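So the chains spell out like this:
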Amino acid sequence: MALKDITLGQYFPGNSPVHRLDPRTKLICVVLYIVALFLAAWFVTYAVMLAVLAGSIYLSKVPVKSVFRGLKPVLFIVVFTAVLNLFYTPGDTVLAQFWVFTITLEGVWRAFFMVVRIMMLISGTFLLTYTTSPILLTDGLESLLGPLKMVRVPVHELAMMMSIALRFIPTLIEETDKIMSAQRARGADFESGNLIQRAKALLPLLVPLFISAFRRADELATAMECRCYHGGEGRTRLRQLKYKAADYVTLFLFLAITVGVGVLGHFGL
Amino acid sequence: MSAIIQTSDLRFSYPAAEGVTPVVLDGVSLSIEEGSFVAVLGHNGCGKSTLAKHMNAILLPSGGTVYVDGIDTADDSRLLDIRRAVGMVFQNPDNQIVANVVEEDVAFAPENLGVPPAEIRQRVDDALKAVNMYDHREHAPHLLSGGQKQRVAIAGVIAMRPRCIVLDEPTAMLDPIGRKDVLRTIKELNRTRGVTVVLITHHMDEAAQADRLIVMAKGRVVADGAPKAVFSRVEELRKVGLTVPQTTQLLWELRQAGYDVPLDALSDEECAQALYSLLMKNPPVTA
Amino acid sequence: MQPIIETKQLTHTYSAGTPFEHTALDSVDFCAYPGEYLGIIGHTGSGKSTLIQHLNALLRPTSGTVLFQDTDIWSDPKITKRTRFQVGLVFQYPEYQLFEETVYKDISFGPKNMGLDDKEIDRRVRSAAYFVGLRDDHLEKSPFELSGGQKRRVAIAGVIAMEPKVLILDEPTAGLDPEGVESILGNIREYHQAHNATVILVSHSMEEVARSVDRLVAVNDGKIPFQGPPREVFRHGDELEQMGLGVPQLTRVFHRLRAMGVDIDPSVYTLDQAKAAILEKLGKGAV
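Conventions and cut-offs
- Residues numbered from 1 in each chain as written.
- Chains lettered and ligands numbered in written order.
- Predicted model: local features only at pLDDT ≥ 70, side-chain atom pairs only at ≥ 80, totals over all residues.
- Heavy atoms only, no water.
- Helix = DSSP H or I, 4+ residues; strand = E, 2+ residues; numbered from the N terminus.
- Polar contact = N/O pair within 3.5 Å; in protein donor to acceptor, adjacent residues only side chain to side chain.
- Contact = heavy atoms within 4.5 Å.
- Buried area = accessible area lost by both parts, 1.4 Å probe.
- Salt bridge = Lys/Arg side-chain N within 4 Å of Asp/Glu carboxyl O.
- Nonpolar A, V, L, I, M, F, W, Y, C, P; charged D, E, K, R; others polar.
- Domains from an automatic or database assignment.
- Pairing = 2+ DSSP bridges.
- Expected span 1.5 Å × (residues − 1).
- Buried < 20%, exposed > 50% of the residue type's maximum accessible area, 1.4 Å probe, protein only.
- Core = buried A, V, L, I, M, F, W, Y, C linked by side-chain atoms within 4.5 Å.
- Axes fitted to C-alpha atoms, helices over the stretch in contact; angles between N-to-C directions.
- Parallel < 35°, antiparallel > 145°, perpendicular 65-115°, else oblique.
- Left-handed = near helix turned anticlockwise from the far one by under 90°.
- pLDDT = per-residue confidence, 0-100.
- Phe/Tyr/Trp six-rings, centres within 6.5 Å; stacked < 30°, edge-to-face > 60°.

Draft legend 1. Spotlight on the side chain of B:E169. Residues and elements named next belong to chain B. In this fold, E169 is placed in the loop between β7 (164-168) and α6 (176-193). Polar contacts involving the side chain of E169 include one to the side chain of Q91, which spans 3.4 Å. Residues in contact with E169, not counting those within four places in the same chain, are N44, K48, Q91, I200, T201 and H202.

What follows is the structure in structure tokens.
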């Protein structure tokens, strides 16, 4: 098992119309998309949402396979919610009944839409991370959440933490790999044994990893100070975010769709 | 020439828990001339890194003073001016790169200083060209080699447009190729841009390339002068646990054996020349 | 003599079948003999790290075989596991792998994993600590209280305590000052003599390898271009330079001397050899 092989950040570099949008536009659109998903009620509205998703994927040129691959890890949650909805939705049309469980027609529909909703929700958000580099994403978030600084939310600090975390994930993965090899060379066994034994076997890995992470944090803090870091005040940026025509059009489109889906959903379509 | 960094009777000890305060710096008085290339040599624990950390107010003296560009480092209100004047590069390149794109990282310091975006762009490009990493500007730092990362770190400091750079064992974790590249970069910055360089190292061959060499032991300066002059004091250096370059060592041994050779032939070329003249003066008798 | 460890047509490809596919080792035939002190030189990315990780079964060959005492180490999971104990591997910067509360416990981690009894573990921990120059009162300390150099000794002791027949050390002196380098190299030499073990020293410092080892193996681009006694390998000065390795400083000086027309053996690489060679020349002159 080589940890290095795991691709992180999930960003697919590209130059599609979706890639070129301002990260803030994409963030707002994803929020609108999620709101719309929750307002959707029945086939018509879901069909609209599916069209939006399919259209975005098409424009982004991200392989459809990759979008679906992202769903795998959450399959368990999807199945779990589906089952819950299936059994716990009260309704008039009882389809089957055994022991304490009752399956109603309403339950079946609800479970179905729930599954579709979660899958679309996840694919949509994945599309955002697939088409936006982490650094732009952080910049976008910082800029969008900017007004919260008024109410003393440390927006800049949070964004800085996020980008530093992104920077150090590959470094720490590499380090984990190294320490694992070193301990394996001393006969450590990470692969066999029961749960408790395995947890114990992780100790020789986790202790050095944490110590090293703290050391790195300490050195990084000094290095940042030496480069005149003193918080977000008076800071300028190399990369300026700018809305372009395409951004306004996209924003308007998503807003319109959300309102439309909201209205249609209200009428149970 | 004016001094960019001036320490007088600098003393420093870390606060210790058990009553014994280990003295790390024991009265260091130095003056680093603007535009010079100074190497500070000494073995681990001699206080050379602690000295470096006083040069831009990461540490403040327990006694004595440090002036950077005419500013007392103890003056809290001028901290940014001090750090802008003297940039620091550390040993582990991984732990000083902040961003996950090379150019974003180089932009970090100018951003902190509130430089307008257009000028940041200019400074970033300029700094990356200076360390010969411009072609890698859009790369992720973790995919670079150690030497490349260290050069990015140097560019990150250059982008502040400092008058002096202090490098604390910048090559300790690098392989020979990386070391060579980093050293070449440092020398070039000194020569073509007039940036004052203070290089903390325990590599003799790196120290030999400086204009001036300061040797430290037990928190004190034990030798200070041109590398050739300092290295010819073989015995003194040995006493403080340091070795000299092999070229000097060989000449010294020959001298011990009673031959008249100069001790200040440091480079390969000079050493070969010195040996050549020695052999010519005592030509082998051909039978 | 039969090799103690040997690779036959060893090839290793990372991330096969992806755009990142990279062949780190290409049909490498490598061997080490019982009791031999072997040096492996190569720059970062040459494949030397990949090679040594195959020798103690941390990596599985993409093709080819690794034989330890004539047995394929991957032929049976039990043999694979045993090989990890018989071929000890000390990684680069091993101090970062320490994790136990006390030095004693950390050194005993390997022996414990071997399933030895307490008495034997105790004997091995103490003898390993002795080899690397740790005192008894260090054993009950937390490894994190120790200095960097001492931590490295603890980590090396952790591998020595398994009493491997082959001891591989990857850059064991990286980042140490000259004094630290000498003492670690001395410890390794002692272990080599006392246990008559095979020692494989991986390094990119020519001076360091040259004076320790009986035989040198140069790795470049996933292949072994030269191997043999240091004298022979250093004859390929130019090629080594191209691989980013270079030859010891005195070898370079002697090459220059020869180019100046002095009839002298250019394959010296230690101070003693150089001194002897010059004195011999002068001696002839005095007759």
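Draft legend 2. Layout of the interface of chain B and chain A. Contact with chain B, which involves 35 residues of that partner, is made by 31 residues of chain A. A buried area of about 3,000 Å², summed over both sides, lies between chain B and chain A, and 55% of it is on carbon and sulfur atoms. Of all residues in chain B, B:N95, B:E111 and B:N112 give up the largest surface area on contact with chain A, accounting jointly for 22% of the area buried on that side. Counting across the interface, chain B meets chain A through seven salt bridges. Residue A:R227 pairs with B:D105 through a salt bridge whose shortest N-O separation is 3.4 Å. Our enumeration of links across chain B and chain A arrives at 16 residue pairs in polar contact (both at pLDDT 80 or more). Of all the elements in the fold, those that place two or more residues in the side of chain B that touches chain A are α2 (79-85), α3 (102-112) and α4 (117-130) of chain B. It is α3(B) that contributes the most residues to the side of chain B that touches chain A, ten residues altogether. Here the side of chain B that touches chain A is built from residues that sort into 18 nonpolar, nine polar and eight charged.

Draft legend 3. Spotlight on the domain arrangement of chain C. All names here are of chain C. According to the domain assignment, chain C consists of domain 1 (5-237) and domain 2 (248-287). The distance between the C-alpha centroids of domain 1 and domain 2 comes to 34 Å. For the domain 1 face of the interface with domain 2, the top three residues by lost area are E207, R231 and F234, together amounting to 62%. The tally of links between domain 1 and domain 2 comes to one salt bridge. A salt bridge links D265 to R231, with the nearest nitrogen and oxygen atoms 2.8 Å apart. Across the domain 1-domain 2 interface, the total number found is two residue pairs in polar contact (both at pLDDT 80 or more). Per element, the largest residue contribution to the side of domain 1 that touches domain 2 is four residues, and it comes from helix α8 (residues 206-212). The residue inventory of the side of domain 1 that touches domain 2, partitioned by class, reads four nonpolar, no polar and four charged.

Draft legend 4. Structural detail: the sheet that holds strand β2 (residues 23-33) of chain B. Residues and elements named next belong to chain B. Taken in spatial order, the four strands of this open sheet run β2-β1-β4-β5, and their pairing is antiparallel. Sheet topology places β2 and β5 (71-72) at the edges, where each strand pairs with a single neighbour. Summarising the sheet, strand β4 (residues 63-68) and β5 pair through two bridges and their orientation is antiparallel. Among the inter-strand pairings, Y67 is bridged to a residue of β5, identified as D72.

Draft legend 5. How the structure looks around the interface of chain C and chain A. Listed by partner, the interface residues are 19 residues for chain C and 16 residues for chain A. Here chain C packs against chain A, burying approximately 1,600 Å² in sum over the two surfaces, 60% of which is carbon and sulfur. For chain C, the biggest contributors to the area lost against chain A are C:Y96, C:Q97 and C:F99; these three give 34% of the whole. For C:D106, the salt bridge identified is with A:R186, shortest N-O distance 3.1 Å. Viewed at the interface, chain A and chain C are joined by three residue pairs in polar contact (both at pLDDT 80 or more). For the side of chain C that touches chain A, the elements supplying multiple residues, two or more each, are α2 (77-86) and α3 (103-113) of chain C. A per-element tally of the side of chain C that touches chain A places α3(C) first, with four residues.

Draft legend 6. Structural context of α6(B). Residues and elements named next belong to chain B. The terminal C-alpha atoms of α6, which comprises 18 residues, lie 25 Å apart, in line with the 26 Å expected from a rise of 1.5 Å per residue. Along α6, the residues classified as buried are P176, G178, R179, D181, V182, L183, T185, I186, L189 and N190. Packing partners of the buried residues in α6 comprise β3 (37-41), α4, α5 (146-158), β7, β8 (196-201) and α7 (204-207). Positive backbone phi, at 70°, marks G194, one or two positions downstream of α6.

Draft legend 7. Expanded view of the pairing of strand β9 (residues 215-220) of chain C. Residue and element names in this part refer to chain C. When you tally the buried positions in β9, you get six out of six residues, the bulk of the element. Side chains of β9 alternate between two faces, with R215, V217 and V219 and L216, A218 and N220 buried alike. In the sheet, strand β3 (residues 37-41) pairs with β9 via four bridges, with the strands oriented parallel. The residue bridging I41 from the neighbouring strand is A218, located in β9. Direction of pairing for β9 relative to strand β10 (residues 223-228): antiparallel, over a ladder of four bridges. Within β10, the position partnered with V217 by the bridge is Q227. Hairpin connection, β9 to β10: the antiparallel pair is bridged by two residues, and D221 has positive phi, about 55°.

Draft legend 8. Examining unusual backbone geometry more closely. All names here are of chain C. Notably, A57 is not glycine yet its phi reads approximately 65°, a positive angle. Secondary-structure assignment places A57 in the loop between α1 (48-55) and β4 (63-68). One non-glycine residue, Q69, adopts positive backbone phi at about 45°. According to the relative accessible area criterion, Q69 is partly exposed, its value standing at 41%.

Draft legend 9. Main features of the nonpolar core. Ranked by internal contacts, the top residues of the largest apolar core, which has 78 residues, are B:I154, B:I186, B:F231, B:L275, C:F254 and C:I278. Considering every element that reaches this core, the biggest residue donor is helix α11 (residues 268-281) of chain B, with six residues. Other than its neighbours up to four places away in sequence, B:I186 contacts B:F37, B:I154, B:L167, B:P170, B:V197 and B:L199. With 50 residues, the next largest nonpolar core counts C:Y37, C:L98, C:A197 and C:F226 among its residues.

Draft legend 10. Looking closely at the sheet that holds strand β7 (residues 166-170) of chain C. Residues and elements named next belong to chain C. With mixed pairing, six strands are arranged side by side in an open sheet as β6-β7-β8-β3-β9-β10. Of all strands in the sheet, those bounded by a partner on one side alone are β6 (87-90) and β10. The mean angle between the axes of side-by-side strands here comes to 15°, regardless of whether they run parallel or antiparallel.

Draft legend 11. Inspection of the packing of α11(B) against helix α11 (residues 249-259) of chain C at higher detail. Orientation of α11(B) relative to α11(C), taken along the N-to-C sense of each, is 55°, at an axis distance of 9 Å. Relative to α11(C), the element α11(B) is oriented oblique. At the point where α11(B) passes α11(C), the crossing takes the right-handed sense. Where α11(B) approaches α11(C), its residues B:D268, B:E269, B:C271, B:A272, B:L275 and B:Y276 are matched on the opposing element by C:Q249, C:R252, C:V253, C:F254, C:R256 and C:L257. Of the residues assigned to the contact of α11(B) with α11(C), the class counts are seven nonpolar, one polar and four charged.

Draft legend 12. Spotlight on the confidence of the model for chain C. Residues and elements named next belong to chain C. Of all residues in chain C, 98% attain a pLDDT of 70 or more, and the chain-wide mean is 89. Looking at the elements of chain C, mean pLDDT is at its lowest for helix α12 (residues 271-286), recorded as 80, and at its highest for β7, recorded as 95. Reported confidences for the modelled complex are a pTM of 0.86 and an ipTM of 0.88.

Draft legend 13. Highlighting the packing of aromatic side chains. Scanning all chains against the criterion turns up 20 aromatic pairs over all chains. Measuring from centroid to centroid gives 6.3 Å for C:Y93 and C:Y96, while their planes differ by 20°, and the two rings are stacked. For C:Y96, a relative accessible area of 30% translates into the label partly exposed. Aromatic rings pair up to connect A:W42, A:F43, A:Y46, A:W109, A:F112 and A:F113 into one cluster.

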